[in-house]
Amino acid sequence: MSAVGCTPAALSWLAMRRGGSWDSGETKVTVRVPLGTRLALTSGLEQHQAWTQQLKAHHRAQLKGLTPARDTLRAEQRQGLDDLRSRGSLLDKRDLLIAFGLRQELQARG
């Protein structure tokens, strides 16, 4: 069964049928997509992962030589990455990328 085009209720049913809970965020779903989609997703994912590495390198450079404020700044940097991920601006993990795309598709279909 393809998850794309399903209503949230159908996705919830599918999640529970597969032994998970839609609300927990830990549901395995199989999606059938046109040929080439995986390659396109992989390309986008790799771009976001490279961006994440650049951000982390910049963060490490900022932390260099900072002993007292290091933990506070590290927490702020981690929170910044989490904020980017939650807004859908940074999709450096496959689950984030797929969930973002699925939400966009469901919103577009009403």
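What counts and what doesn't
- All residue numbers refer to positions counted from 1 along the written sequence of the respective chain.
- Thresholds applied to this predicted model are a pLDDT of at least 70 for local features of residues and 80 or more for the giving and counting of side-chain atom pairs; totals over whole chains, interfaces and linings are not thresholded and use all residues.
- Neither water nor hydrogens contribute to the side-chain values; these are computed over all heavy atoms in the structure.
- Strands here are runs of E lasting at least two residues and helices are runs of H or I lasting at least four, both read from the DSSP assignment and numbered beginning at the N terminus.
- Only protein chains enter the calculation, and the probe is 1.4 Å; a residue is then buried if its accessible area is under 20% of its type maximum, exposed if over 50%, and partly exposed in between.
- Only heavy atoms matter for contacts: two residues are in contact if any of them lie within 4.5 Å across the pair.
- Per-residue and other accessible areas were derived by the Shrake-Rupley procedure at a 1.4 Å probe size, with only the shown protein chains allowed to occlude residues.
- In this scheme, a helix's expected span is set at 1.5 Å multiplied by one less than its residue total.
- Along the arc lie the directions from the helix axis toward the C-beta atoms.
- pLDDT: the predictor's confidence for each residue, scored from 0 to 100.
- Axis definition: a line fitted to C-alpha atoms, over the contacting stretch in the case of helices. Angles run 0 to 180 degrees between N-to-C directions.
- An angle below 35 degrees is treated as roughly parallel, one above 145 as roughly antiparallel, one from 65 to 115 as roughly perpendicular, and anything else as oblique.
- In a left-handed crossing the near helix is turned counterclockwise from the far helix by less than a right angle, and in a right-handed crossing that turn is clockwise.
- Residue polarity follows a fixed list, in which Ala, Val, Leu, Ile, Met, Phe, Trp, Tyr, Cys and Pro are nonpolar, Asp, Glu, Lys and Arg are charged, and the others, Gly among them, are polar.
- One side-chain nitrogen of Lys or Arg within 4 Å of one carboxyl oxygen of Asp or Glu is enough to make a salt bridge.

## A word on the overall build of the protein chain
Link 1 in the chain: Helix and strand content of the protein chain: four helices and zero strands.
Link 2 in the chain: Tracing the protein chain from N to C terminus, the helices and strands come up as α-α-α-α.
Link 3 in the chain: Counting all 110 residues of the protein chain, 19% fall into the buried class.
Link 4 in the chain: Contacts spanning at least 24 positions in sequence make up 52% of the contacts within the protein chain whose residues lie at least 6 apart.
Link 5 in the chain: Carbon together with sulfur atoms contributes 54% to the accessible area of the protein chain, which is approximately 8,100 Å² in total.

## Examining helix α3 (residues 70-87)
In an α-helix there are 3.6 residues to a turn, and that puts residues three or four apart on one side.
Link 1 in the chain: Taking 1.5 Å as the rise per residue, α3 with 18 residues should run 26 Å; its terminal C-alpha atoms sit 26 Å apart, in good agreement.
Link 2 in the chain: For α3, the set of buried residues is Q77, L81, L84 and R85. Around the axis of α3, the buried residues are gathered within 105° of arc, so they sit on the same side. Every exposed residue of α3 that faces more than 90 degrees away from the buried side is listed here: D71, S86 and R87.

## With respect to the confidence of the model for the protein chain
Link 1 in the chain: Mean pLDDT over the protein chain: 76, with 75% of residues reaching 70 or higher.
Link 2 in the chain: Segment residues 1-6 is flagged for pLDDT under 50; beyond a separation of four residues in sequence, or across chains, it makes 18 contacts in the model.
Link 3 in the chain: Considering only residues more than four positions removed or in separate chains, one finds that residues 11-20, a stretch of pLDDT under 50, has 18 contacts.

## Here's the deal with the packing of helix α2 (residues 37-63) against α3
Link 1 in the chain: Packing of α2 against α3 brings their axes to within 10 Å, and their N-to-C directions diverge by 160°. By the angle between their axes, α2 is roughly antiparallel relative to α3. With respect to the hand of their crossing, α2 and α3 are arranged in right-handed fashion. For the pair α2 and α3, contact is made by W51, T52, L55, K56, H59, Q62 and L63 and by R70, L73, R74, Q77, L81, L84 and R85, respectively.
Link 2 in the chain: Across the contact of α2 with α3, the residue classes break down as six nonpolar, four polar and four charged.

## Some remarks on the side chain of D92
Link 1 in the chain: Relative to the assigned elements, D92 resides in the loop between α3 and α4 (94-109).
Link 2 in the chain: Classification of D92 as buried rests on a relative accessible area of 7%.
Link 3 in the chain: Sequence-distant contacts of D92, defined by excluding residues within four places in its chain, comprise L45, H48, Q49, T52 and R85.

## Side note on the side chain of R85
Link 1 in the chain: Structurally, the position occupied by R85 is in helix α3.
Link 2 in the chain: Among residues more than four places away in sequence, those in contact with R85 are T52, L90, D92, K93 and L96.

## Notes on the pattern of salt bridges
Link 1 in the chain: Counted under the stated rule, the structure contains three salt bridges.
Link 2 in the chain: Here R85 makes a salt bridge to D82, at a shortest N to O gap of 3.4 Å. Taken together, the positions of R85 and D82, both in helix α3 and three residues apart, correspond to about one turn of that helix.
Link 3 in the chain: The exposure class of R85 is buried, given its relative accessible area of 15%.
Link 4 in the chain: In this structure D82 comes out as partly exposed when scored by relative accessible area, which is 36%.
Link 5 in the chain: When the shortest N-O distance is used, the salt bridge between R109 and E105 registers 2.3 Å. Within this pair, R109 and its partner E105 are both found in helix α4, separated by four residues, close to a single helical turn.

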